[in-house]
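Fold and geometry: a report
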Amino acid sequence: MAASSNSSLSGSSVSSDAEEYQPPIWKSYLYQLQQEAPRPKRIICPREVENRPKYYGREFHGIISREQADEILAGVEGAYILRESQRQPGCYTLALRFGNQTLNYRLFYDGKHFVGEKRFESIHDLVTDGLITLYIETKASEYISKMTTNPIYEHIGYATLLREKVSRRLSRTKNESRKASVTSEENTPVEKITSLVRRAALTQNDNHFNYEKAHNFKVHTFRGPHWCEYCANFMWGLIAQGVRCSDCGLNVHKQCSKYVPNDCQPDLKRIKRVYCCDLTTLVKAHNTQRPMVVDSCIREIEARGLKSEGLYRVSGFTEHIEDVKMAFDRDGDKADISANMYPDINIIAGALKLYFRDLPIPVITYDTYSKFIEAAKISNPDERLEAIHEVLMLLPAAHYETLRYLMIHLKKVTLHEKENFMNAENLGIVFGPTLMRPPEDSTLATLNDMRYQKLIVQILIENEDVLF
């Protein structure tokens, strides 16, 4: 088994061209096992069965016992039938022959067929996937249990020689939609440059802001053979073979995803918009210190709006604010928000507030919300300030940096209070519910906390030089 698992480790040297490189690290053992797995053999009922469900075919044998099913399937590995339960009419069972015994599974249908989490278009696909899983887990249970012990993810020395070239390629396309990986030719199972190599290159990029970000894994069905980018083993099965990070495209086994570090580096091509996008995801995708919306809007407001009466309190026209939002979603940091396009500075201020309101996780995160509220309730000013500082340290790095930058800006706004009539308390009223929302969607909780939300932002503005 060990020899088989390492059979693909030997061989080719690193190509001089990064685009042609094929990392010789993918382990073929589980792929070979999938090829060896028994194939499904449908056993057709010789008679026409009355009341056969319309979503089952001739493999349905009606109401028969387990013993009868066992006789029908005896000696034929991979053979299967469907039957109706004798004890529970209307309940259906998949009887499957594997390992010289008949296995019975409760079968369900809700538009697709399933016996567990995976849902299939056909019974044939369900049985095929089941046989592959049974065979691999029977033959390689010990191997699978040890898959994560020596991951390639933490030993990506094969990428070292590529870093310089991939870095150059990335820097050339910095303002373009970055490609996650260079895919192989059709029918070639291994990607030529994986996201592992890309991440290795990005760690060498001096302009890369090293914010920690968890991967956004979702169950994924891979078309054609795919290998796990964490453990280097084949991802077996017909559907839902593993998970893929929606933000960076990393492909791993579901069990391996628990061990992947929080080092997601999102690809611009996967980020469909600027507003309503997770804050850390956005800054990592654009390789910026803060969301470009925040920088652009604050830069514009400080250039021409600090003395505007009622800044942030007076609303701009909603349709114009939506236009700015669409401009950022469409053009990113090239969005034109100049005075020529939007003479009313309240439109830009409104667009900035809307960005914060639209965040799926607020700047002051759900995880820290209650801690901030409790800190605000402390009566002693010095103790309260200390408590707020401690909670600030719990914010994700990108959230902390964005909040810090915003508070420096709002402090500048208060320095022009005589012209704009906006002091720290007024700004706290505006930005409290914009920057922090309770985790539970409760109107009562929001109303009860409003004064503390206001107070938190007021304190952050007044003490930004101490707290940050």
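Residues numbered from 1 in each chain as written. Predicted model: local features only at pLDDT ≥ 70, side-chain atom pairs only at ≥ 80, totals over all residues. Heavy atoms only, no water.

Formally: UniProt positions are given in the numbering used here, feature names are shortened, and annotations may be inferred rather than shown by experiment.
With an unreviewed UniProt entry as reference, the protein is termed Beta-chimaerin, source organism Chaetorhynchus papuensis. Quoted verbatim from the Subcellular location (unreviewed entry) heading of the UniProt record, the comment on the protein is "Membrane".

Brief notes about the packing of aromatic side chains
The relative placement of two aromatic rings is captured by the distance of their centres and the angle of their planes. What counts is decided by this rule: We call Phe, Tyr and Trp rings a pair once their centres come within 6.5 Å, taking the six-membered ring for Trp, and we label the pair stacked below 30 degrees between planes, edge-to-face above 60, and tilted otherwise. In this text, helices come from DSSP runs of H or I with a minimum length of four residues, and strands from runs of E with a minimum of two, each type numbered from the N-terminal end. For each residue, the accessible area found with a 1.4 Å probe, counting protein chains only, is set against the maximum for its type, and the residue is called buried under 20%, exposed over 50%, and partly exposed in between. Should the NZ of a Lys or the CZ of an Arg lie within 6 Å of a ring centre and within 35 degrees of the ring normal, that charge is described as sitting over the ring.
Evaluated as defined, the whole model comprises 16 aromatic pairs. Taking the centre distance of 5.6 Å and the plane angle of 40° together, the rings of Tyr 31 and Trp 227 count as tilted. Separated by 196 residues along the polypeptide, Tyr 31 in helix α2 (residues 29-36) and Trp 227 in the loop between β7 (217-220) and β8 (242-245) bring together distant segments of the chain. Using a relative accessible area of 9% as the deciding quantity, one classes Trp 227 as buried. An angle of 65° between the planes, with centres 5.3 Å apart, marks the rings of Trp 227 and Phe 234 as edge-to-face. In this structure Phe 234 comes out as buried when scored by relative accessible area, which is 3%. By the ring-pair criterion, three or more aromatic residues cluster together here, those being Tyr 55, Tyr 56, Phe 60, Tyr 92 and Tyr 109. Its end group placed over the ring of Phe 114, Arg 119 keeps NZ or CZ at 3.8 Å from the ring centre. Geometry around Tyr 405 places Arg 290 over its ring, the cationic atom sitting 3.6 Å from the centre.

Focus on helix α17 (residues 443-462)
Stated formally: Multiply 1.5 Å by the residue count of a helix minus one, and that product is the helix's expected span. Fitting axes to the seven residues that end at a residue and to the seven that start at it, the angle between those axes gives the bend at that residue.
For α17, with 20 residues, the first-to-last C-alpha span of 28 Å sits near the 28 Å given by 1.5 Å per residue. The principal kink in α17, of about 50°, is found at Asp 449. Looking only at α17, the buried set comprises Ala 445, Asp 449, Tyr 452, Gln 453, Leu 455, Ile 456, Val 457, Gln 458, Ile 459, Leu 460 and Ile 461.

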